[in-house]
Amino acid sequence: MLKSLLPAAVVATALVAAPVALAATNDSTSVEGTYLLVQPNESQRVLALNPGGSVNLVSQGQQVRGYTSGLGTWEMTGPDTVRAAIIDFNNPQTENGSSGASHIVYDLTFSDEVDGQYQTIAGQFTGQGYAKGQNPLTDDAEPASKFGNSFNGTRLSVN
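What you see is a predicted model, and the numbers here were worked out from it, not measured in a lab. (Residues numbered from 1 in each chain as written. Predicted model: local features only at pLDDT ≥ 70, side-chain atom pairs only at ≥ 80, totals over all residues. Heavy atoms only, no water.)

1. Focus: the overall build of the protein
Here is step 1 of the chain: For the protein, the count of helices and strands is 2 helices and 8 strands.
Here is step 2 of the chain: N-terminal to C-terminal, the α/β element order of the protein is α-β-β-β-α-β-β-β-β-β.
Here is step 3 of the chain: When the 159 residues of the protein are sorted by exposure, 31% land in the buried category.
Here is step 4 of the chain: Within the protein, residue pairs in contact and separated by at least 24 positions form 44% of the contacts whose partners lie at least 6 positions apart.
Here is step 5 of the chain: Total accessible area on the protein stands at roughly 9,400 Å², and carbon and sulfur atoms take up 57% of it. (Helix = DSSP H or I, 4+ residues; strand = E, 2+ residues; numbered from the N terminus. Buried < 20%, exposed > 50% of the residue type's maximum accessible area, 1.4 Å probe, protein only. Contact = heavy atoms within 4.5 Å. Areas by Shrake-Rupley, 256 points an atom, 1.4 Å probe, with all protein chains shown as cover.)

Here is the structure:
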């Protein structure tokens, strides 16, 4: 009896383990982490995709251009793609010099997976700057400026 149950147990284990292995490639832990992004104009940013879907962004141009670090949310859009939405403040490029908020959307593609974590990133961002007092998340908000760029990047690691 034991000899006849053994092959069935092996097949059942293989069927259960196969979806788990496939699910690991779609797991958000493969993209969670901190990345250095470099734009074609050599401007640099640090983007952190945090567990739970929050995102932080710091740019080398913040003090020069007069805006804050960005905060927002992100979600997987495919097994190796992410979309992030970020808000930052004090955008000096709005009309009449008034400083408001910017809403920036990042589309990210990951590659070079090592030990379950992607090591490189590429993509683009598009953003809109709004006048002071406008809520950039409402449908009737009119942007005062639009901007965007592409980038490539690398995961930061301890070693």
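2. Quick look at the pattern of salt bridges
Here is step 1 of the chain: Scanning the entire structure with this criterion turns up 1 salt bridge.
Here is step 2 of the chain: The residue Asp107 makes a salt bridge to Arg83 at a minimum N-O spacing of 2.7 Å. Here Asp107 is found in strand β6 (residues 100-114), whereas its partner Arg83 is found in strand β5 (residues 81-91), with 24 residues between them in sequence.
Here is step 3 of the chain: Residue classification places Asp107 among the partly exposed residues on the basis of a relative accessible area of 24%. (Salt bridge = Lys/Arg side-chain N within 4 Å of Asp/Glu carboxyl O.)

3. Overview of unusual backbone geometry
Here is step 1 of the chain: We note that Asp112 has phi near 60 degrees; this positive angle belongs to a residue other than glycine.
Here is step 2 of the chain: With respect to the element layout, Asp112 can be found in strand β6.
Here is step 3 of the chain: Phi at Asp115 is positive, roughly 50 degrees, even though this residue is not glycine.

4. Focus: the pairing of strand β2 (residues 44-49)
Here is step 1 of the chain: Taken together, the 6 bridges between strand β1 (residues 33-38) and β2 define a ladder with antiparallel strand orientation. Residue pairing in the sheet places Gly33 in a bridge with Leu49 of β2.
Here is step 2 of the chain: Between β1 and the antiparallel strand that follows it, β2, lie 5 residues; Glu42 among them carries a positive phi value of about 75 degrees.
Here is step 3 of the chain: Pairing analysis gives 5 bridges linking β2 to strand β3 (residues 54-59), with the strands arranged antiparallel. Among the inter-strand pairings, Ala48 is bridged to a residue of β3, identified as Asn56.
Here is step 4 of the chain: Linking two consecutive strands that pair antiparallel, namely β2 and β3, is a turn of 4 residues; a positive phi of about 90 degrees is found at Gly52 within it. (Pairing = 2+ DSSP bridges.)

5. What about the packing of aromatic side chains?
Here is step 1 of the chain: The full count for this structure, using the stated rule, is 4 aromatic pairs.
Here is step 2 of the chain: Arranged with centres 5.8 Å apart and planes meeting at 50 degrees, the rings of Tyr106 and Phe151 form a pair that is tilted. Of this pair, Tyr106 sits in strand β6 while Phe151 is found in strand β8 (residues 145-155), placing the two residues 45 residues apart along the sequence. When sorted by exposure, Tyr106 lands in the same class as Phe151, which is buried. (Phe/Tyr/Trp six-rings, centres within 6.5 Å; stacked < 30°, edge-to-face > 60°.)

6. Things to note about the environment of Thr138
Here is step 1 of the chain: When you line up the elements, Thr138 lands in the loop between β7 (117-129) and β8.
Here is step 2 of the chain: Note on Thr138: relative accessible area 33%, which makes it partly exposed.
Here is step 3 of the chain: Among the polar contacts made by the side chain of Thr138, one reaches the main-chain carbonyl oxygen of Asn135 at a distance of 3.0 Å. (Polar contact = N/O pair within 3.5 Å; in protein donor to acceptor, adjacent residues only side chain to side chain.)

7. With respect to the nonpolar core
Across soluble globular proteins, nonpolar side chains have a tendency to be buried as a group.
Here is step 1 of the chain: Residues Leu47, Leu49, Tyr106, Leu108, Phe110 and Ile121 are the most contacted members of the largest nonpolar core, which totals 19 residues.
Here is step 2 of the chain: Elements with a minimum of two residues in this core: β1, β2, β3, β5, β6 and β7.
Here is step 3 of the chain: Considering each element in turn, this core owes the most residues, 4 residues, to β6. (Core = buried A, V, L, I, M, F, W, Y, C linked by side-chain atoms within 4.5 Å.)

8. Observations regarding the environment of Ile86
Here is step 1 of the chain: Mapping Ile86 onto the fold places it in strand β5.
Here is step 2 of the chain: Given the relative accessible area of 0%, Ile86 is considered buried.
Here is step 3 of the chain: Along the sequence, Ile86 and Trp74 sit 12 residues apart, while their C-alpha atoms lie 8.6 Å from each other.
Here is step 4 of the chain: Those residues in contact with Ile86 that lie beyond four places of it in its chain are Leu47, Val55, Leu57, Gly70, Leu71, Gly72, Ser102, His103, Ile104 and Tyr106.

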